[in-house]
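A look at the structure
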Amino acid sequence: MLKFLIQKEFLQIRRNSFLPKLIIMFPIVIMCVMPWVMQMEVKNVVVDVVDIDHTMESQRLVQQVAASNYFIFGGQKATYAEAMKDIEKGDADIILEIRDGKYLIAANAVNGTKGGMGSSYLSQIVNSHNQNAKTQFSTLKLYNKGQDYKLFMIPALFAIVMMLMTGFLPTLNIVGEKEAGTIEQINVTPVSKWSFILAKLIPYWLIALFVITVCLLLAWIVYGITPVGPVWLVYVLAMLLALFFSSFGLIVSNYSDTMQQAMFVMWFFVVSIMLLSGLFTPTRSMPEWAYLTTYINPMRYFIDATRTVFIRGGGLYETGHQVLALAAIGTLMGCWAVQSYKKNS
């Protein structure tokens with residue numbers, strides 16, 4: 001019986017003119033576009049210089065700033081007030097004032113990240129130029145030695161693709177059958193709730209395998225990025241995350257009467273899960289109450305574990321607690337999906 005139900009699901013997917021294209025194109029677009037735009041590296045910061053000293057040392061510093069790849073040299077201004085006018089008009093981001101051998105860095109902090117990172121870069125140039133500095137620093141970069149932000153973001157993008165492919169599609173499945181009336185035909189058959197829900201879940205687990213394979217291939221072909229740790233562990237983590245999202249999608253679908261209702265409910269939870277996962281903001285930077293919610297957030301465990309495998313080369317021992325947490329949350333949601341399905345026979 002389960003075999004024929006799974007065949008029915010694949011026939012429904014294949015006969016849909018949109019879903020097969022979405023399953024193929026979505027991971028390709030996400031992997032080929034998003035790593036270039038989702039990055040915290042700050043570049044093209046416009047710097048105005050106010051050089052009051054006009055010495056050889058100060059001019060060498062100005063030339064260093066102008067030659068940096070991180071900055072766009074906005075020119076030298078006669079006074080600080082003149083440079084401030086550029087800041088107020090949005091034509092400059094940072095002012096470097098050199099007066100009596102001292103340096104003032106004034107950054108536009110409307111965009112806190114750009115202002116903070118830009119002033120930090122500029123401070124490094126000033127410190128390296130200042131020959132009177134008494135302290136010498138040496139920095140050792142571990143794991144991601146090239147500080148490539150794509151290497152940090154690509155494992156997180158896997159989570160986004162999995163969330164949308166294995167979360168939203170099952171959500172629309174049962175609601176679609178409710179609106180079409182075909183669910184009533186299933187309800188009067190001797191199909192058990194477990195068989196029905198498994199038939200809904202298994203196709204999306206297979207889709208998850210296909211999607212994660214496409215993502216791994218694109219990460220290798222386009223960016224030359226491959227997991228330092230075992231590839232099979234990435235598949236295990238992906239399947240556990242797919243178990244959670246597909247089960248959660250069916251739960252929302254079971255409690256919804258219309259497709260619009262299911263989409264709004266799913267979107268609310270998905271956005272919350274994504275923002276509280278550490279995808280964009282380190283979880284330790286969150287308020288305490290928000291940080292505590294990450295302990296039940298499966299996306300957080302997936303992103304942490306996948307980054308460990310990709311960047312640090314961790315194996316099952318290093319990611320054991322994330323694997324167990326994902327398995328526990330996914331199993332709980334799977335049981336809830338079965339129990340929440342109301343079969344009126």
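In what follows, the accompanying structure is described. Throughout this description, residue numbers start from 1 for each chain and increase along the sequence as written. pLDDT decides what is reported in this predicted model: residues at 70 or higher carry local features, side-chain atom pairs at 80 or more are listed and counted, and totals for whole chains, interfaces and linings draw on all residues regardless. The side-chain quantities take in all heavy atoms of the structure and omit both hydrogens and water.

Pairing of aromatic rings covers Phe, Tyr and Trp, the last counted by its six-membered ring, and requires centre-to-centre distances within 6.5 Å; plane angles under 30 degrees mean stacked, over 60 mean edge-to-face, and any other angle means tilted. The final tally for this structure, using the stated rule, is eight aromatic pairs. Both rings, one in Tyr-70 and one in Tyr-121, keep their centres 4.4 Å apart while their planes meet at 35°; by these two values the pair is tilted. Residue Tyr-70 is found in the loop between helix H3 (56–67) and strand E2 (71–76), and its partner Tyr-121 is found in helix H5 (residues 112–129); the two are separated by 51 residues along the sequence. Since its relative accessible area comes to 30%, Tyr-70 is described here as partly exposed. Relative to Phe-310, the ring of Phe-158 has its centre 5.6 Å away and its plane inclined at 75°; by these criteria the two rings are edge-to-face. Of this pair, Phe-158 sits in helix H6 (residues 149–180) while Phe-310 sits in helix H12 (residues 298–312), and the two are 152 residues apart along the sequence. Neither Phe-158 nor Phe-310 differs from the other in exposure class; each is buried. Chaining the aromatic ring pairs together yields one cluster made of Phe-244, Phe-245, Phe-248, Phe-268 and Phe-269. Only when the NZ atom of a Lys or the CZ atom of an Arg is both within 6 Å of the ring centre and within 35 degrees of the ring normal do we say a charge sits over the ring. Taking NZ or CZ as reference, Arg-300 lies 5.1 Å from the ring centre of Tyr-295, over its face. For helices the rule is a DSSP run of H or I covering at least 4 residues; for strands it is a run of E covering at least 2, with both sets numbered from the N terminus onward. Only protein chains enter the accessibility calculation, which uses a 1.4 Å probe; a residue whose area is less than 20% of its type maximum is buried, one above 50% is exposed, and one in between is partly exposed.

The subject of this paragraph is the sheet that holds strand E1 (residues 45–51). Spatially, four strands are ordered E2-E1-E3-E4 in an open sheet, and the strand pairing comes out mixed. Edge positions in the open sheet fall to E2 and strand E4 (102–107), since each of these has one partner strand only. The mean angle between the axes of side-by-side strands here comes to 20°, regardless of whether they run parallel or antiparallel. Two elements, strand E3 (residues 94–99) and E4, share six bridges in a ladder whose sense is antiparallel. Bridge assignment links Leu-96 to a residue of E4, and that residue is Ile-105. Whether two residues are in contact is decided by their heavy atoms: any pair within 4.5 Å suffices. With axes taken as lines fitted to C-alpha atoms, and helix axes fitted only over the stretch in contact, angles between N-to-C directions fall between 0 and 180 degrees. In the packing of helix H4 (residues 80–89) onto the sheet, contacts are made with E1, E3 and E4, and the angle to E3 comes to roughly 170°. Strands pair, by our definition, only if DSSP identifies at least two bridges between them.

This brings us to the nonpolar core. Definition of nonpolar core: a set of buried residues of the types Ala, Val, Leu, Ile, Met, Phe, Trp, Tyr and Cys, connected through side-chain atoms within 4.5 Å. In this structure, Met-31, Phe-158, Ile-197, Met-299 and Phe-302 are the most contacted members of the largest nonpolar core, which totals 78 residues. The contact partners of Met-299, leaving out residues within four places of it in the chain, are Ala-159, Ile-160, Met-163, Leu-241, Phe-245, Ile-273, Met-274 and Ser-277. One finds Val-47, Val-49, Ile-94 and Tyr-121 within the second-largest nonpolar core, a separate group that totals 15 residues.

What follows is about the pairing of E3. Burial analysis of E3 places five of its six residues in the buried class, which makes it a mostly covered element. Linkage of E3 to E4, two consecutive antiparallel strands, is achieved through a turn of two residues, within which Asp-100 is found at a positive phi near 55°.

Sheet topology places E1 next to E2; five bridges connect them, and they run parallel. From the neighbouring strand, Val-45 faces E2, where its bridge partner is Phe-71. In terms of handedness, the path from E1 via H3 over to E2 forms a crossover that is right-handed. Orienting the strands away from the viewer, one traces the path from the first strand over the helix to the second; a clockwise path indicates a right-handed crossover.

Function cannot be inferred from these measures alone, as they are strictly geometric.
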